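The primary structure of each chain is shown beneath.
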Amino acid sequence: MSAAVREQTAPRPPLGTGPPRRSTGPGPRRREKTADRGVWPYVLIAPAVLGTLYLLVYPLVRAVVISLQDFGLRQLILGDARFVGFKNYETLLSDGRFWEVVRRTFLFMAINVVLIMALSTLVALMIERLGRFGRTAVLSALVLTWAMPVIAATTVFQWLFHSEFGIVNAVLTDLGFESFDRYPWFAHGPAAFAILVTLIVWQSVPFAAITLYSALTTVPAELYESARLDGASGPRIFRSITFPIIRPIFMLVFSLEVIWTFKAFVQIWVMTNGGPGDATTILPVYAVQTALSSQRYDLGSAASMVTVVLMSGVLVFYFRQMFRQEDELA
């Protein structure tokens, strides 16, 4: 029998017992490519992360370090500051003027936030009920107000309430209030305080109103129609339907306004420098005054850190209350 015949008649091995096939799965080279691809997203976001750390985290850490040092003008020039622990905080917390500034800061924040949220809600509800032309006009005015630079708006308010050339004094005098002839608004503490509140509310209402109006557009119209058919009044509809739906956005805007008004600085510094006396001095202004007037940068940094802690405490307390209400409603 020839070799060809033997090869044809030889029994074949059962299926599955032949030589192993070459695997087509992901080999080492493909795993390396996947690993390289997984690094690229981190490489791309690295500049943004590093920039954030440098612009936000580093100044905060630096301020904490300075608040724990004896850091004055000499140390700023020579760089030989020594650590003194919490001595600066003890000096700060034992100062009666500091606690008066803290009280004024919370009063300033409370008045501004209440007025901003109340006016913004009313403006948002008004925009929702306007026609297309009225809605466009009001929204355009709000955007233009919001876009005005802070320094420019502050300068305009300074001229409005100028004792000799201000429009406010001229209008009040023409209306028969002769006592407002050349009235020095910025020389009286309550008047200067009220002007600053008016300025900050005027600048803050556009953002809050536009945001709340955007939230109002998400409320289904069918709910309003059903409530009106049941005889519900406007305030009852707002309490039972509108506010529960827009509450997350409302609380977000509320938190942002607390932060922005708590750390208001530019308007006060440009308009009054915290005066007259301390009538318009709040914590951010107090920190800058302490650092610049006597070159006590350590006490200024300590005041800034206390400001951050107080603001964080207010927000933590507020969020706890908000989450507790959500758990009760769930």
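A brief look at the structure comes next. (Residues numbered from 1 in each chain as written. Predicted model: local features only at pLDDT ≥ 70, side-chain atom pairs only at ≥ 80, totals over all residues. Heavy atoms only, no water.)

**Section: unusual backbone geometry**
And step 1. The omega torsion of the bond from Gly-275 to Pro-276 falls at -5°, within 30 degrees of zero and hence cis.
And step 2. Along the polypeptide, Pro-276 turns up in the loop between α12 (266-271) and α13 (283-293).
And step 3. Of note in the backbone geometry, Arg-182 takes a positive phi value of approximately 60° without being a glycine.
And step 4. Position of Arg-182 among the secondary structure elements: in the loop between α8 (167-174) and α9 (189-216).
And step 5. Arg-182 sits in the exposed class, given a relative accessible area of 54%.
And step 6. Although it is not a glycine, Asn-273 sits at a positive phi angle of roughly 60°.
And step 7. Mapped onto the elements of the fold, Asn-273 is located in the loop between α12 and α13.
And step 8. Taking the relative accessible area as the measure of exposure, Asn-273 reaches 41% and is therefore partly exposed. (Helix = DSSP H or I, 4+ residues; strand = E, 2+ residues; numbered from the N terminus. Buried < 20%, exposed > 50% of the residue type's maximum accessible area, 1.4 Å probe, protein only.)

**What to know about the packing of helix α7 (residues 150-160) against α9**
And step 1. Running from N to C, α7 and α9 cross one another at 140°; their axes reach a closest spacing of 11 Å. Put simply, α7 runs oblique to α9. α9 is crossed by α7, and the crossing has right-handed handedness. For the pair formed by α7 and α9, the contact residues are Val-150, Ala-153, Thr-154 and Phe-157 on the first element and Ile-195, Thr-198, Leu-199, Trp-202 and Gln-203 on the second.
And step 2. Here the residues of the contact of α7 with α9 sort into six nonpolar, three polar and no charged. (Axes fitted to C-alpha atoms, helices over the stretch in contact; angles between N-to-C directions. Parallel < 35°, antiparallel > 145°, perpendicular 65-115°, else oblique. Left-handed = near helix turned anticlockwise from the far one by under 90°. Contact = heavy atoms within 4.5 Å. Nonpolar A, V, L, I, M, F, W, Y, C, P; charged D, E, K, R; others polar.)

**Some points on the packing of helix α5 (residues 96-129) against α13**
And step 1. At a minimum axis separation of 9 Å, α5 and α13 run at an interaxial angle of 150°. On α13, the residues that touch Arg-97, Phe-98, Val-101, Val-102 and Thr-105 of α5 are Leu-283, Tyr-286 and Gln-289.

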